[in-house]
Amino acid sequence: MKILSLILLAMFIGAPQCFAEEETPEAGLKEILKLYKEKKFETLIKERYTEIYKAEEAGQIDKLVQQFSKRFSNEKKLNQIIAVFESLKNVKPDVSVNPMPRKTETDKMANFPLGKGKFTLYLQKNGKWGFHM
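Residues numbered from 1 in each chain as written. Predicted model: local features only at pLDDT ≥ 70, side-chain atom pairs only at ≥ 80, totals over all residues. Heavy atoms only, no water.

> What should I look at first to understand the overall build of the protein chain in this one?
When you go through the protein chain residue by residue, the secondary structure sums to 6 helices and 4 strands. Order of helices (α) and strands (β) in the protein chain, N terminus to C terminus: α-α-α-α-α-α-β-β-β-β. Of all intrachain contacts in the protein chain linking residues separated by at least 6 positions in sequence, the fraction that spans at least 24 positions is 52%. Total accessible area on the protein chain is roughly 8,600 Å²; 58% of this is exposed by carbon and sulfur atoms. (Helix = DSSP H or I, 4+ residues; strand = E, 2+ residues; numbered from the N terminus. Contact = heavy atoms within 4.5 Å. Areas by Shrake-Rupley, 256 points an atom, 1.4 Å probe, with all protein chains shown as cover.)

The structure is reproduced here in structure tokens:
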């Protein structure tokens, strides 16, 4: 019985991601929209930018946040991106396999139809959906 308990404990500790709460792509999109509207660009980058590891490795997170914040301090640009996300709020995405997941991503991606193109979110290993730039 002790061996079985140890095996179960090892499996539980070794696979925490299996028990992580995963948000839906729609919920992720709404949270990203909320962060843009509230101008919480640092949180947006640190929690939703799936390629943040590149800036971490280069020691450039603060610089990336500053550049992103500067870009969207322009109200016209901010309103444009908000309008895009607003238009996608009630759209059902196509969830598919991410053929080339980044270091922080799982094998899931969600494509939201957008005009003649699409907007893609990527499921991160932390259970939150994020974006590429």
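From this point, things continue past the structure.
> Can you help me understand the packing of aromatic side chains in this one?
Describing an aromatic ring pair means giving the distance of the ring centres and the angle of the ring planes. Here the structure, examined in full by the defined rule, presents 9 aromatic pairs. With 6.0 Å between their ring centres and 45° between their planes, Tyr36 and Phe68 make a pair best called tilted. Of this pair, Tyr36 sits in helix α2 (residues 25-37) while Phe68 sits in helix α5 (residues 61-71), and the two are 32 residues apart along the sequence. Across the pair, Phe68 and Tyr36 agree in class, each one buried. Take Phe68: its relative accessible area is 4%, and that puts it in the buried class. Cluster of aromatic residues (ring-pair linked, three or more members): Tyr36, Phe41, Phe68, Phe72, Phe85 and Phe119. (Phe/Tyr/Trp six-rings, centres within 6.5 Å; stacked < 30°, edge-to-face > 60°. Buried < 20%, exposed > 50% of the residue type's maximum accessible area, 1.4 Å probe, protein only.)

> Can you walk me through the pattern of salt bridges in this structure?
Where side chains of opposite charge bring their charged atoms close, a pairing between them can arise. Under the defined criterion, the tally for this structure stands at 12 salt bridges. Put simply, Lys37 and Glu86 hold a salt bridge, and the shortest N to O gap is 2.4 Å. Residue Lys37 is located in helix α2, and its partner Glu86 is located in helix α6 (residues 75-88); the two are separated by 49 residues in the primary sequence. For Lys40, the salt bridge is made with Glu38, and the minimal N-O distance between the two is 3.3 Å. With relative accessibility at 37%, the residue Glu38 sits in the partly exposed group. (Salt bridge = Lys/Arg side-chain N within 4 Å of Asp/Glu carboxyl O.)

> Just checking my understanding: could you explain α6 for this structure?
Over its 14 residues, α6 runs 20 Å from end to end, which matches the ideal 20 Å to within 8%, given 1.5 Å per residue. Considered for burial, the residues of α6 that qualify are Leu78, Ile82, Phe85 and Leu88. Within α6, the buried residues cover an arc of 120° as seen down the axis, which keeps them to one side. For α6, the capping residue at the N-terminal end is Asn74, with a side-chain oxygen 2.9 Å from the backbone nitrogen of Lys76. (Expected span 1.5 Å × (residues − 1). Arc of directions from axis to C-beta. Polar contact = N/O pair within 3.5 Å; in protein donor to acceptor, adjacent residues only side chain to side chain.)

> Mind showing me how you'd approach the packing of helix α3 (residues 41-48) against α5 here?
Angle between the axes and distance between the axes are the two parameters that describe a pair of packed helices. Two elements in contact, α3 and α5, have axes separated by 9 Å at closest approach and are oriented at 125°. With respect to each other, α3 and α5 are oriented oblique. Here α3 and α5 pass one another in a crossing that is right-handed. Here Phe41, Glu42, Leu44, Ile45 and Lys46 of α3 come into contact with α5, specifically with Ile61, Leu64, Val65, Phe68 and Ser69. (Axes fitted to C-alpha atoms, helices over the stretch in contact; angles between N-to-C directions. Parallel < 35°, antiparallel > 145°, perpendicular 65-115°, else oblique. Left-handed = near helix turned anticlockwise from the far one by under 90°.)

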